[in-house]
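Residue strings, one per chain:
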Amino acid sequence: MTGTGRLAVDDLRVAGETELLHGISLAVAPGEAVGVVGESGSGKSLTLRAVMGLLPRGLRVSGGRIRVDGTAAMVFQDPLSFLDPLARVGSQVAEVCRTVHRGSPRASRTRALELLESVRLPDAAVLARRYPHQLSGGQRQRVLIALALAREPDLLLCDEPTTALDVTVQREVLDLIARLRAERGLSVLFVSHDLAVVAQVCERVVVMREGRVVDGGATVDLVTRPTSDDVRALVDAVLPLPVLAGGSDE
Amino acid sequence: MSESTGRPSVAEGTGGVGVVPEAAGAGLEVVDASVEFAGRRVVDRVSFGVRPGRILGLVGESGSGKTSLARAIVGSVPLATGRVRLGGMELGRRRSSAERRAVQLVQQDPFASLNPLLTVGQVLDELLRTSSSRGRAARRERAAELVALVDLPADALARYPREFSGGQRQRIAIARALAVEPRVLVADEPTSSLDVSVQRTVLDVLAGLGRRMRLATLLISHDLSVINAVCDEVAVLRAGVVVEHAPSERFFRHPEHPYSRALLEAVPRLPGRR
């Protein structure tokens with residue numbers, strides 16, 4: 001499936017009392033997955049928030065252009081802060097389906113259940129009737145992705161979506177994003193402080209530091225032949241593991 | 001860093017790896033330990049030992065019981081079965097203040113565990129005053145030593161927790177744990193609220209001091225690359241049960257339990273890295 005979502009950020013500046021983003025330019029082509037990596041304070045999450053029009057109070061876009069072609073939806077690091085604690089997760093997804101499709105309540109519920117099943121929420125019909133706090137971290141993150149998918153997005157913006165998850169759950173969520181790209185042609189902008197996580201999803205990476213883009217390129221090239229200290233630092237920060245011997249049966 | 005094993009080298013501590021709990025008589029021994037909450041068993045008959053100067057990594061996902069086990073070891077929740085021994089002596093159900101000092105916990109969120117109204121110097125001085133017979137000048141000297149041990153500048157003593165970065169705060173938490181001269185350090189996810197870029201510094205400080213001061217260290221983490229960076233042995237906790245316990249060299253290349261292998265395969269690795 002070919003994607004239609006496209007993002008072009010050109011010389012983006014964000015300021016409060018002082019300027020925090022000093023001219024960010026990056027692009028996501030249809031169907032492409034681009035990672036934004038950098039340490040805390042590099043401005044990577046702020047860039048994402050500016051794209052979504054969700055800048056924190058007191059900050060504004062002070063220059064440049066943001067162009068989104070298609071519908072964008074966002075997945076956050078902490079689903080609990082985004083989900084309504086007083087509503088069952090199934091109705092929250094159905095609610096979004098209803099505003100997007102303007103269908104009947106029954107059709108919206110059916111669609112919500114489909115979405116929850118498509119993100120492989122186990123026992124979707126049962127868990128849909130639960131409240132956010134009754135789900136595990138991994139289950140909540142799946143609900144959040146289902147909620148984003150309910151907007152029928154062409155572009156998925158991910159802000160550290162797996163940072164709070166167990167490693168096996170993280171693997172499942174990363175695989176899910178890869179599958180959604182393949183099935184729906186979603187374009188993805190994926191922000192993380194962890195280059196190893198970004199490398200699982202993105203074929204291209206943009207490196208940020210102190211509100212600027214300082215490097216970028218194809219993920220494999222950057223990782224195997226880092227050309228700047230910024231990239232070397234990100235590569236070195238990924239703690240190595242010995243190569244695991246053998247497959248399941250050799 | 002040693003490319004051949006993929007493990008950063010940490011000074012000292014190159015002795016043989018012993019997995020048998022009985023051999024750990026001089027350090028921390030956890031024998032047949034269970035923890036229950038509201039009648040539900042969350043840790044089920046777990047046994048292991050950590051000798052002085054050694055580091056055991058306990059890996060587990062959420063719900064594995066690893067934090068409950070940590071709490072039981074430091075004595076903040078009771079054991080349903082089994083016992084915790086230190087240097088061959090059983091730690092009582094109600095621990096004496098000396099026993100409590102001997103087993104120190106370093107937690108995930110350093111900010112939550114530091115009093116925001118006290119300077120680092122005041123925090124350390126208070127601990128030194130209640131845990132030792134040092135006079136004022138000796139306490140000041142020891143506090144300066146502790147701050148230096150965790151690689152913070154001397155002026156850190158006069159500053160408040162909010163003035164430090166996450167990694168620095170975690171090093172302050174380590175200094176605070178060391179202030180009472182413990183024999184066992186239990187570090188529960190000490191780096192998981194930190195950026196990957198500062199993880200390594202905190203781990204190096206923790207491991208380096210543990211080895212130099214001959215502490216028996218239990219490093220609890222969900223992150224196998226953190227465990228690999230500093231631990232001599234690995235124990236895998238799943239649903240309250242240790243499913244594998246092996247020396248690091250063997251575990252990371254040849255895990256025996258399917259769950260251990262699944263955990264190792266799930267870790268995101270950099271493409272093309274040797």
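This one's a predicted model, so the numbers in the text were calculated from it and none came from an experiment.

Another aspect to go through is the confidence of the model for chain B. Residue and element names in this part refer to chain B. On average, chain B scores 88 in pLDDT, and the residues at 70 or more come to 90%. Mean pLDDT values for the elements of chain B range from 91 in helix 6 (residues 196–212) up to 98 in strand 9 (residues 233–238). Counted against residues more than four places away or in other chains, residues 1–24, with its pLDDT under 50, gives 56 contacts.

This part is about the interface of chain A and chain B. Across the boundary between the two partners, chain A contributes 31 residues, which contact 35 residues of chain B. When the two sides are added together, the surface that chain A and chain B hide from each other amounts to roughly 3,100 Å², 61% of it contributed by carbon and sulfur. Summed over the three residues of chain A that lose the most area to chain B, namely L239, L241 and L244 of chain A, the buried surface amounts to 24% of that side. There are zero salt bridges connecting chain A and chain B.

This part takes up the domain arrangement of chain A. All names here are of chain A. Domain annotation for chain A reports domain 1 (1–71 + 153–238) and domain 2 (82–152). Inter-centroid distance (C-alpha atoms) of domain 1 to domain 2 is 25 Å. Across the contact, 14 residues belong to domain 1 and 14 residues belong to domain 2. Summing the contributions of domain 1 and of domain 2, the shared interface buries around 1,100 Å²; its carbon and sulfur component is 62%. Scanning the region where domain 1 abuts domain 2 turns up one salt bridge. Among the ionic pairs, E172 bridges to R142, the shortest N-O distance being 2.4 Å. Counting across the interface, domain 1 meets domain 2 through three residue pairs in polar contact (both at pLDDT 80 or more). Examining the composition of the side of domain 1 that touches domain 2, we find that seven residues originate from one element, helix 6 (residues 167–184), more than from any other. Here the residues of the side of domain 1 that touches domain 2 are counted per class, giving nine nonpolar, one polar and four charged.

In the case of a regular strand, side chains alternate between the two sheet surfaces. Residues and elements named next belong to chain A. Alignment of strand 8 (residues 204–209) against strand 9 (residues 212–218), held across six bridges, turns out to be antiparallel. Looking at the pairing, V205 lines up with G217 of strand 9. If you look at the hairpin formed by strand 8 and strand 9, you'll find two residues sitting between the two strands, and E210 has a positive phi there, around 45 degrees.

The general pattern is negative phi for most residues beyond glycine and trans for most peptide bonds. Of note in the backbone geometry, E152 of chain A takes a positive phi value of approximately 50 degrees without being a glycine. Here E152 of chain A lies in the loop between helix 5 (137–150) and strand 6 (155–159). Backbone geometry at R214 of chain B places phi at a positive 55 degrees, although glycine is not the residue there. Relative to the helices and strands, R214 of chain B is located in the loop between helix 6 and strand 8 (216–221).

A few words on the sheet that holds strand 6 of chain A. All names here are of chain A. Strand order in the open sheet made by the six strands is 5-6-7-3-8-9, with mixed pairing throughout. Edge positions in the sheet fall to strand 5 (72–75) and strand 9, since each of these pairs with one other strand and no more. Averaged over all neighbouring strand pairs, the angle between strand axes comes to 20 degrees, with direction disregarded. Contacting strand 3 (33–37), strand 8 and strand 9, helix 9 (residues 229–237) crosses the sheet at an angle of about 105 degrees to strand 8.

One pass over the structure, following the stated rule, counts two aromatic pairs over all chains. Plain terms: the ring middles of F76 of chain A and F82 of chain A are 4.8 Å apart, the flat faces sit at 35 degrees to each other, and that makes the pair tilted. Considering the side-chain rings of F251 of chain B and F252 of chain B, the 5.2 Å spacing of their centres and the 90 degrees angle between planes classify their relative orientation as edge-to-face. Accessibility classification places F251 of chain B together with F252 of chain B in one group, the buried group.

Residues and elements named next belong to chain B. With respect to topology, four strands assemble into an open sheet ordered 2-1-4-5, the strand pairing being antiparallel. The open sheet has two free edges, formed respectively by strand 2 (40–50) and strand 5 (89–90), since each of these has just one partner strand. Alignment of strand 4 (residues 81–86) against strand 5, held across two bridges, turns out to be antiparallel. Note on strand 5: the bridge partner recorded for R85 is E90. In the packing of helix 1 (residues 66–74) onto the sheet, the strands contacted are strand 1 (28–37), strand 2 and strand 4, and the crossing angle to strand 2 comes to about 60 degrees.

Our next topic: the pairing of strand 8 of chain B. Residues and elements named next belong to chain B. Burial analysis of strand 8 places six of its six residues in the buried class, which makes it a mostly covered element. Of the two faces of strand 8, the one holding A216, L218 and I220 and the one holding T217, L219 and S221 are both buried throughout. Judged from the five bridges that link them, strand 3 (residues 55–59) and strand 8 form a sheet pairing that is parallel. Bridging from a neighbouring strand, I55 pairs with T217 of strand 8. For strand 7 (residues 184–188) and strand 8, the ladder comprises five bridges, and the chain directions are parallel. By the bridge assignment, A187 is partnered in strand 8 with L219. With helix 6 bridging strand 7 and the parallel strand 8, this β-α-β connection has right-handed handedness.

Looking now at the pattern of salt bridges. Scanning the entire structure with this criterion turns up 30 salt bridges over all chains. One salt bridge connects R181 of chain A with E203 of chain A, and the closest N-O pair in it is separated by 2.9 Å. Here R181 of chain A, found in helix 6, pairs with E203 of chain A, found in the loop between helix 7 (195–201) and strand 8; they are 22 residues apart in sequence, far enough to count as distant. Under the relative-accessibility criterion, E203 of chain A is labelled partly exposed at 37%. Residue R261 of chain B is joined to E265 of chain B by a salt bridge in which the shortest nitrogen-to-oxygen separation is 3.7 Å. On the criterion of helical spacing, the pair formed by R261 of chain B and E265 of chain B is a turn pair, its members being four residues apart in helix 9 (residues 258–266). Connected via shared salt-bridge partners are R6, R67 and D69 of chain A.

Conventions used here
- Residues numbered from 1 in each chain as written.
- Chains lettered and ligands numbered in written order.
- Predicted model: local features only at pLDDT ≥ 70, side-chain atom pairs only at ≥ 80, totals over all residues.
- Heavy atoms only, no water.
- pLDDT = per-residue confidence, 0-100.
- Helix = DSSP H or I, 4+ residues; strand = E, 2+ residues; numbered from the N terminus.
- Contact = heavy atoms within 4.5 Å.
- Buried area = accessible area lost by both parts, 1.4 Å probe.
- Salt bridge = Lys/Arg side-chain N within 4 Å of Asp/Glu carboxyl O.
- Domains from an automatic or database assignment.
- Polar contact = N/O pair within 3.5 Å; in protein donor to acceptor, adjacent residues only side chain to side chain.
- Nonpolar A, V, L, I, M, F, W, Y, C, P; charged D, E, K, R; others polar.
- Pairing = 2+ DSSP bridges.
- Axes fitted to C-alpha atoms, helices over the stretch in contact; angles between N-to-C directions.
- Phe/Tyr/Trp six-rings, centres within 6.5 Å; stacked < 30°, edge-to-face > 60°.
- Buried < 20%, exposed > 50% of the residue type's maximum accessible area, 1.4 Å probe, protein only.
- Right-handed = clockwise from strand over helix to strand, strands pointing away.

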